[in-house]
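Coordinate inspection notes
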Amino acid sequence: MSTLEEHVDVAVPLDRAWDGLHEVEQYPRFLAGVREARPEAEGRAHLDVETGGRLQEFDAELSDRKGERVMEWLTTGAPELTGSFSLQEIDKNRTRVQARVEYDPAVIRETFGGPRGFAQANAIERLVRSDLEQFREYLEQGGR
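Residues numbered from 1 in each chain as written. Predicted model: local features only at pLDDT ≥ 70, side-chain atom pairs only at ≥ 80, totals over all residues. Heavy atoms only, no water.

Moving on, we come to the overall build of the chain. When helices and strands are counted, the chain shows three helices and seven strands. In the chain, the succession of helices and strands from N to C terminus is β-α-β-β-β-β-β-β-α-α. A separation of at least 24 residues holds for 49% of the contacts in the chain among residues at least 6 apart in sequence. Just so you have it, the chain exposes about 8200 Å², and 46% of that area is on carbon and sulfur atoms. (Helix = DSSP H or I, 4+ residues; strand = E, 2+ residues; numbered from the N terminus. Contact = heavy atoms within 4.5 Å. Areas by Shrake-Rupley, 256 points an atom, 1.4 Å probe, with all protein chains shown as cover.)

Attention now goes to the nonpolar core. Within the largest apolar cluster, 32 residues are counted, with the highest numbers of intra-cluster contacts made by Tyr 27 and Val 97. At the level of elements, strand E1 (2–10), helix H1 (14–21), strand E2 (34–40), strand E3 (44–51), strand E5 (70–75), strand E6 (82–91), strand E7 (94–103) and helix H3 (117–140) are the ones that each hand at least two residues to this core. The greatest single-element share of this core, amounting to six residues, is contributed by H3. (Core = buried A, V, L, I, M, F, W, Y, C linked by side-chain atoms within 4.5 Å. Buried < 20%, exposed > 50% of the residue type's maximum accessible area, 1.4 Å probe, protein only.)

To continue, consider the pattern of salt bridges. Applying the stated criterion across every chain yields a total of 16 salt bridges. Among the salt bridges present, the one from Arg 100 reaches Glu 102, with a minimum N-O distance of 3.2 Å. Each of Glu 6, Arg 129, Glu 133, Arg 136 and Glu 140 takes part in a single network of salt bridges with overlapping partners. (Salt bridge = Lys/Arg side-chain N within 4 Å of Asp/Glu carboxyl O.)

Glancing now at the sheet that holds E7. Pairing is antiparallel across the open sheet formed by seven strands, whose spatial order is E1-E7-E6-E5-E4-E3-E2. The open sheet has two edge strands, E1 and E2, and neither has a second partner. Along the sheet, successive strands turn relative to each other by an average axial angle of 20 degrees, direction set aside. Relative to E3, E2 runs antiparallel, the two sharing six bridges. What sits directly across from Glu 36, in E3, is Asp 48. The sheet contacts of H1 involve E1, strand E4 (54–64), E5, E6 and E7, and relative to E6 the element is tilted by about 160 degrees. (Pairing = 2+ DSSP bridges. Axes fitted to C-alpha atoms, helices over the stretch in contact; angles between N-to-C directions.)

Turning our attention to unusual backbone geometry. Even without being a glycine, Glu 42 presents a positive backbone phi close to 55 degrees. Checked against the element boundaries, Glu 42 lands in the loop between E2 and E3.

This next bit is on the confidence of the model for the chain. Here the chain averages 87 in pLDDT, while 88% of its residues score no lower than 70. Mean pLDDT across the elements of the chain bottoms out in helix H2 (residues 105–112) (68) and peaks in E6 (96). (pLDDT = per-residue confidence, 0-100.)

Right, let's talk about the pairing of E4 for a bit. Here E3 runs beside E4; their pairing, made up of eight bridges, is antiparallel. Residue Asp 48 lies in a different strand from E4, and its bridge partner there is Glu 57. From the end of E4 to the start of E5, which pair antiparallel, there are five residues, and Gly 67 there has a positive phi angle of about 75 degrees.

All right, on to the side chain of Asp 48 then. Mapping Asp 48 onto the fold places it in strand E3. No salt bridge is formed by the buried Asp 48; its nearest oppositely charged neighbour, Arg 38, is found at 4.6 Å. Polar side-chain contacts of Asp 48 include one of 3.0 Å to the side chain of His 46. (Lys, Arg positive; Asp, Glu negative; His and termini not counted. Polar contact = N/O pair within 3.5 Å; in protein donor to acceptor, adjacent residues only side chain to side chain.)

Right, let's talk about the packing of aromatic side chains for a bit. Under the counting rule described, the total for this entry stands at three aromatic pairs. Ring centres of Phe 30 and Phe 135 lie 4.8 Å apart, and the angle between their planes is 55 degrees; this geometry places the pair in the tilted category. With a gap of 105 residues between them, Phe 30 in the loop between H1 and E2 and Phe 135 in helix H3 connect regions that are remote in the sequence. When sorted by exposure, Phe 30 lands in the same class as Phe 135, which is buried. (Phe/Tyr/Trp six-rings, centres within 6.5 Å; stacked < 30°, edge-to-face > 60°.)

Below, the structure written as structure tokens:
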């Protein structure tokens, strides 16, 4: 398994950033490739994701770590992906959002295509970084 961690600082209060993570239906606005997302019962979400020119469906379980501002997620089928979003208050109007993704490089290559090895790690890093920047823009523009 490989692990990637990236973070971004957003100019919104902690509670607004936390709420933004839970607006599943808004994921297409800031997650690359997500065409539709909807919350489902019992902390589950369904995502329609376009990868390599084809549409794939993913289901994920979302859970909040008690007493912390951490949302954990994991896919419930193939491909097996897990991760978390951790929020830390910088001050009353700024929040650090850290994303952590755990993945098997071979599974990512098989599912999504793309480069191998170091080039694949760089591509995934750029994607996560871009998604975090899009999330920052989404939040700082008031969800518009």
